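So the chains spell out like this:
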Amino acid sequence: RLAEAQRLKPQREALPVYAGREAILRGIRENDTVVVLAETGSGKTTQIPQFLIRSDIPRASPRVVCTQPRRVAAISLAQRVAAETGCVLGTTVGYTVRFDDRSSPKTRLKYATDGTLLAEMLSDRDLDAYDVVVLDEAHERSLRTDMLMGFLKDIQKRRKAKFAEFKAKGKQVANGNAGDDDDAQTKQPREPSELKIVVMSATIDAKRFSEFFDSAPVLYVSGRQHKVTIKYVDEPQDDYVDASIKTIVQIHQHYPPGSILVFLPGQDEIEGMVASLRAYLPDIEKNLAKKGQITIAPLFAKLPAAEQAKAFVPAGPNERKVIIATNIAETSVTIPGVRFVIDSGMAKEKRYHAGTGIDSLATEPISQSSAKQRAGRAGRESDGWCFRLYTETAYQHMEKRSQPEIQRVSLSFALLHLKAAGQEDVYNFSYMDAPSVTSIQGALHRLHGLGALGEKSRITPLGRQMAQLPLDPIFSRVLLEAFRQGCPREVIDLVSLLGVKDQLIINTSATREQANEARQKFTHRSGDHLFLINILRAYEELDGTDEKKAWCKDNYISYKAMQLALDSRKQLRERAERLDLGDWEDTLNDEPEPIIASLVAGLFANAATKQPDDSYRNMMTKQVVTIHPSSTVFSKKPLGIIYDELALTTKTYARGVSIVDPRLLPRQAPGVFNALRKQL
Ligand code: ADP
Ligand code: MG
């Protein structure tokens, strides 16, 4: 192990961050908070925490935690750094991610996901277990990193006060084993220390971080970035998997040796491309035999660790490696030997669907700053090339930088998470991008109605459960209700379908009539929600991709949207299992009532009843709503309805409508509603 650490030493010492070691440590010693800026691959994540544990900042033998937005990165970085320091993983260097803890009281440097550190704050409010918190990948502005930044500002102040008080009382109070490596093992409380914060980022948005932390100094580490030649396609490509394979062949034929890093949006695309490329390989290699062998390594979050590790093994002398990755490889992990980047220009992003209020993973164009990061991966070791599978015009139309996640997910989702993390007062939280007071009010009101908040706006046990689901609180509530109603299987299906419903049903004006006729067989007496479930049921009866695609075509249903829905269903089922919510396979089959009752639990504010003049009015707001003509309920004129979306066009249209007995609808939120729920 020590021999391995010795072997890695020269590599580490050659990293740009190593040259800046003294300046970085001085900066951290002299300031409460610093922002460190360096290109990806400079050694920020692996080296700076190591410098710190060997320093006496802010005390002898400091304890350091370094956060990562992604689980994969936390694990692989801890493994790498344990190897560099020559220790067994889980001793001096370890990691903690959800459901997997490889750390011990001896651990001095811990890599953790931002979510895990937030969870630790619930039992260690001031993070007294650590002397330095390193917030890594801050430029990604993940919801949880933003939350941590806000919390840490207050924690730092409290720690300063505690430390000052401790010093004033005199050190004789504590019994003098400060900084002793063994203190945690002997369960002695550690002496208070001030908390140092190090914010690390790869892009140039440092000013925001510095301003947020009261003008914290910014330390720039200049890296070695070699020249990267950017190449665009002339025409937009609609199949980036196919375009990627063609580009790989060209590179292999005409360009020098070096690994190729391909950025695709997600696991499905990666698995598809791996399969296609494997099929083509014998042909490519037969024609280009002299050029050496091509090997393939996929890399995405859900890939088993042993498979992931293959992506990091350097290529052999006669080998060209093709690493096919998600945006994990954009900034958080480093893959050696990459000289070529193929960029699809797409990524899967969590996005709030304003209509249904569901947070879902959507495949979307990346931002210019992501595109630059991706290209930069080709120039880490020597000159490189980046092939963008989009036009230069498309690049110019991309957003400058990605929107912070806190603005992409629903506000009630973000606030529920703040509450779950212990922030009672969500108005006075230190937001980097603060929402308006009225929107906070609205979101809190909604959370009350859902039963997530109770007296004095405290989070309820139900609210805590809701915070564990990756959905807008409305649909977390619907899903939890489904477990009580005995229909989780159907409701998981439904929630997954609602996340893609805009793309799912294909309705062009030219084909509307045939389409409606073809889909007539899926209609259900209770309305649009069971109609969606019926579509999925029919789809699941089919075998094989070809048959499924043909069926989709015949029924004017998007195959791609269907795949996306199945993807989120898989995630939701896994989450339900992990959270022990009950058996998701429970099903009451064709009874619509429990499903509708589950919907009502979350969507009670979207209920309307028929008036004597045949119009519909929302039961709480008294607003007039019109059932959208595309609804399967349109011509039925039921007495009561519940809808998942309100669309404002020429009229206020209710979309996604199911029929419900008006007697079961709450007239006001939420207390009365809870009493009613018991009757359901
Ligand atoms: P940064 O955080 O600045 O992007 P890192 O500290 O993650 O940089 O990586 C620094 C260097 O360490 C990389 O350029 C790479 O050479 C090496 N490295 C990091 N992780 C691994 C790994 N898992 N396997 C092999 N080399 C690695
Ligand atoms: Mg890093």
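Residues numbered from 1 in each chain as written. Chains lettered and ligands numbered in written order. Predicted model: local features only at pLDDT ≥ 70, side-chain atom pairs only at ≥ 80, totals over all residues. Heavy atoms only, no water.

K.L.:
Account for the overall build of the chain, with residues named and values stated.
P.N.:
Each helix and strand counted, the chain has 27 helices and 21 strands in total. What you see for the chain is a C-alpha radius of gyration of 27 Å, in line with the 26 Å of a compact globule of 680 residues. For the C-alpha atoms alone, the extent of the chain along its principal axes is close to 80 × 75 × 40 Å. Classification of the 680 residues of the chain by burial places 55% in the buried group. The long-range share in the chain, meaning contacts at least 24 apart out of those at least 6 apart in sequence, stands at 74%. Counting only carbon and sulfur atoms, one obtains 50% of the accessible surface of the chain, whose full area is about 30,300 Å². Across the chain, 94 positive and 86 negative side-chain charges occur, with their mean positions spaced 3 Å apart. (Helix = DSSP H or I, 4+ residues; strand = E, 2+ residues; numbered from the N terminus. Rg over C-alpha atoms; globule rule 2.2 N^0.38 Å. Buried < 20%, exposed > 50% of the residue type's maximum accessible area, 1.4 Å probe, protein only. Contact = heavy atoms within 4.5 Å. Areas by Shrake-Rupley, 256 points an atom, 1.4 Å probe, with all protein chains shown as cover. Lys, Arg positive; Asp, Glu negative; His and termini not counted. Charge placed at Lys NZ, Arg CZ, Asp CG, Glu CD.)

K.L.:
Outline the site of ligand 1, listing residues and values.
P.N.:
Close contacts around ligand 1 come from L15, E39, T40, G41, S42, G43, K44, T45, T46, R80, F312 and T334, and that covers them all. Backbone polar atom of G43 to an oxygen atom of ligand 1: 3.0 Å apart, as the coordinates give it. A distance of 3.1 Å is found between a nitrogen atom of ligand 1 and a side-chain nitrogen or oxygen belonging to R80. Relative to its free-state accessible area of 560 Å², ligand 1 is covered by the protein chains to the extent of 86%. (Near = heavy atom within 4 Å. Polar contact = N/O pair within 3.5 Å; in protein donor to acceptor, adjacent residues only side chain to side chain.)

K.L.:
Explain the sheet that holds strand β3 (residues 93-97) to me, and be specific about the residues and the numbers.
P.N.:
Strand order in the open sheet formed by eight strands is β4-β3-β5-β2-β6-β7-β1-β8, and the pairing between neighbours is mixed. The open sheet is flanked by β4 (100-102) and β8 (218-221), the only strands paired with a single partner. Across the sheet, the axes of successive neighbouring strands diverge by a mean angle of 20°, strand direction being ignored. Lying on the sheet, helix α3 (residues 21-30) is in contact with β1 (33-38), β7 (196-201) and β8; it crosses β8 at an angle near 170°. Set on the sheet, helix α7 (residues 143-169) makes contact with β1, β2 (64-68), β6 (132-135) and β7; between it and β6 the angle comes to about 160°. (Pairing = 2+ DSSP bridges. Axes fitted to C-alpha atoms, helices over the stretch in contact; angles between N-to-C directions.)

K.L.:
Outline the sheet that holds strand β17 (residues 607-610), supporting the account with residue identities and numerical values.
P.N.:
If you trace the five strands once around the closed barrel, you get β17-β18-β19-β21-β20, paired in mixed fashion. If you compare each strand with its neighbour and ignore which way they point, the axes differ by 50° on average. Sheet topology places strand β19 (residues 624-627) next to strand β21 (residues 652-659); two bridges connect them, and they run parallel. Among the inter-strand pairings, T626 is bridged to a residue of β21, identified as Y653.

K.L.:
How would you summarise a negative patch on the surface if you had to cite specific residues and measurements?
P.N.:
Among the surface-exposed residues, E574, E577, D583, E585 and D586 lie close enough to one another that they form a single negatively charged patch. Examined against the element boundaries, D583 turns out to sit in the loop between α25 (559-578) and α26 (593-603). (Patch = residues over 30% accessible without salt bridge, like charges linked within 9 Å, V, L, I, M, F, W, Y side chains within 5 Å. Salt bridge = Lys/Arg side-chain N within 4 Å of Asp/Glu carboxyl O.)

K.L.:
Lay out helix α19 (residues 473-485) in plain terms, naming residues and giving numbers.
P.N.:
Helix length check: α19, at 13 residues, gives a terminal C-alpha distance of 18 Å against a target of 18 Å (1.5 Å per residue), a fit within 8%. Within α19, twelve of the 13 residues are buried, which leaves the element mostly enclosed by the surrounding structure. Within the sequence span of α19, burial applies to P473, I474, F475, S476, R477, V478, L479, L480, E481, A482, F483 and Q485. Sitting at the head of α19, D472 places a side-chain oxygen 2.9 Å from the backbone nitrogen of I474. Just beyond α19, the residue with positive phi is G486, at close to 85°. (Expected span 1.5 Å × (residues − 1).)

K.L.:
Which residues make up the pattern of salt bridges, and what are the values?
P.N.:
Under the counting rule described, the total for this entry stands at 37 salt bridges. Of the charged contacts, one joins E540 and R569 as a salt bridge, the two residues approaching to 2.6 Å between their closest N and O atoms. One end of the pair, E540, is in helix α23 (residues 528-540); the other, R569, is in helix α25, and 29 residues separate them in sequence. On the basis of relative accessibility, which here comes to 34%, the residue E540 falls in the partly exposed class.

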